[in-house]
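# An overview of the molecular structure
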Amino acid sequence: MHALPPAVLIGLWLNATKVGFVSVTDAANAIETITNHLEIEIDLNASLVEKSSWLDLVGQVAAKSQPVAVGLPIDGDPAGVAISVLSKIDRSVGVVAIDRDHLLCQTLQDNWVLIAETNNVLHYDLSQSKRRLTESISSSVDQLSASELVGDDAEIVSALESFRTLHLPPHLTQRSVDAIELAARIWIVARGAISSSIAMHSPSIDKRRIQVLEQLVRESRTVLQSVITA
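In this text, all values refer to a predicted model and were calculated from it rather than measured experimentally.

## Notes on the pattern of salt bridges
Summed over the entire model, instances satisfying the criterion amount to seven salt bridges. For arginine 221, the salt bridge goes to aspartate 77, with nearest N and O atoms at 3.0 Å. Residue arginine 221 is located in helix α8 (residues 203–224), and its partner aspartate 77 is located in the loop between β3 (69–71) and α4 (83–86); the two are separated by 144 residues in the primary sequence. Judged by relative accessible area, arginine 221 falls into the buried class, the value being 3%. Across the pair arginine 132 and glutamate 219 runs a salt bridge whose closest N-O atoms are separated by 3.7 Å. Residue arginine 132 is found in helix α5 (residues 126–145), and its partner glutamate 219 is found in helix α8; the two are separated by 87 residues along the sequence. The class for arginine 132 is partly exposed, based on a relative accessible area of 29%.

## A look at the nonpolar core
As a rule of thumb, nonpolar side chains are buried together in soluble globular proteins. Ranked by internal contacts, the top residues of the largest apolar core, which has 52 residues, are Ile10, Leu14, Trp54, Val96, Ile98, Leu104 and Leu224. If sequence neighbours within four positions are ignored, isoleucine 10 has contacts with Ile31, Ile34, Thr35, Val96, Leu104 and Trp112. Residues Val95, Cys105, Ile115 and Val121 belong to the second largest nonpolar core, which totals 12 residues.

## Section: the packing of α5 against helix α7 (residues 174–196)
Packing of α5 against α7 leaves a shortest axis separation of 11 Å and a crossing angle of 45°. The angle between α5 and α7 falls in the class oblique. Helix-helix and strand crossings are classified by hand; for α5 and α7 the assignment is left-handed. Contacts between α5 and α7 involve Leu126, Lys130, Leu133 and Ile137 from the former and Arg175, Ser176, Ala179, Leu182, Ala183 and Ile186 from the latter. Across the contact of α5 with α7, the residue classes tally to seven nonpolar, one polar and two charged.

## What about unusual backbone geometry?
Keep in mind that most residues, glycine aside, have a negative phi and that most peptide bonds are trans. Even without being a glycine, asparagine 36 presents a positive backbone phi close to 60°. Within the fold, asparagine 36 resides in the loop between α2 (24–35) and β1 (39–45). For asparagine 36, a relative accessible area of 67% gives the class exposed. Even without glycine at this site, aspartate 110 takes up a positive phi of about 80°. Among the structural elements, aspartate 110 can be located in the loop between β5 (102–106) and β6 (112–116).

Conventions we followed
- Here the residue numbering is sequential within each chain, running from 1 through the sequence in written order.
- In keeping with the model being predicted, local features are shown solely for residues with a pLDDT of at least 70 and side-chain atom pairs are shown and tallied solely at 80 or more, while totals for entire chains, interfaces and linings include all residues.
- Excluding hydrogens and water, the side-chain figures rest on all heavy atoms present in the structure.
- In what follows, salt bridge is the name for a side-chain nitrogen of Lys or Arg lying within 4 Å of a carboxyl oxygen of Asp or Glu.
- What counts as a helix is a DSSP run of H or I of at least four residues, what counts as a strand is a run of E of at least two, and both are numbered from the N terminus.
- Throughout, exposure labels follow a simple rule: accessible area from a 1.4 Å probe, protein chains only, divided by the maximum for the residue type, with under 20% read as buried, over 50% as exposed, and the rest as partly exposed.
- Here the nonpolar core consists of buried residues drawn from Ala, Val, Leu, Ile, Met, Phe, Trp, Tyr and Cys, with membership extended through side-chain atoms lying within 4.5 Å.
- Working rule for contacts: check all heavy atoms of both residues, and any pair within 4.5 Å makes them a contact.
- Note on geometry: axes are C-alpha line fits, over the in-contact stretch for helices, and angles between N-to-C directions span 0 to 180 degrees.
- Roughly parallel here means an angle under 35 degrees, roughly antiparallel means over 145, roughly perpendicular means 65 to 115, and every remaining angle is called oblique.
- Handedness of a crossing is defined here by the sense of rotation of the near helix relative to the far one, left-handed for an anticlockwise turn of less than a right angle and right-handed for a clockwise turn.
- Residue polarity is assigned by list, with Asp, Glu, Lys and Arg as charged and Ala, Val, Leu, Ile, Met, Phe, Trp, Tyr, Cys and Pro as nonpolar; anything else, Gly included, falls into the polar class.

Here it is, written out as structure tokens:
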């Protein structure tokens, strides 16, 4: 089953708690379900690790002055996360920047850990990022349809059919949910099409195909990272 990256869901719940849309307890329970973990590790340094509950973390986030931000690192774009961190985490899960000095992420060993690490994970606005995605979709349809592409879309179709939107906070408007779902589906399609399609008779058109699809990937990622105003 394909679903939203866990970091996106966690960011939505943490920011919903911060502005009072959901309780600290409800958010902690939801994050336990999303992560399938009851506690997190506090990475004080390389030799000393403590453990804490999601309830404690949510409470700390709710008391902060700034919302959390979400980063979805991919090849070529670390999304504001240091390279030294990227080598230790599951990038497909994403990261949650609790603030400029702390990152919540999942290690390659499947543990959730709060790392004291300076980061530059950005905050995005959902309305603006959705508008850019919509514009990109509109321009991409014309360009790709005229490119006479060939390929196998079986994996893309399978991924779309298995995609489910689960564990979203109840306060989200249908407009926000629709934007997030659209971005997730475009991300699946664009990433899959980069490797599964080709413009066989024109290297220049094929190069343009990749550029168009990569643009769709960037814009859809930005929507998924827009957890502040969702």
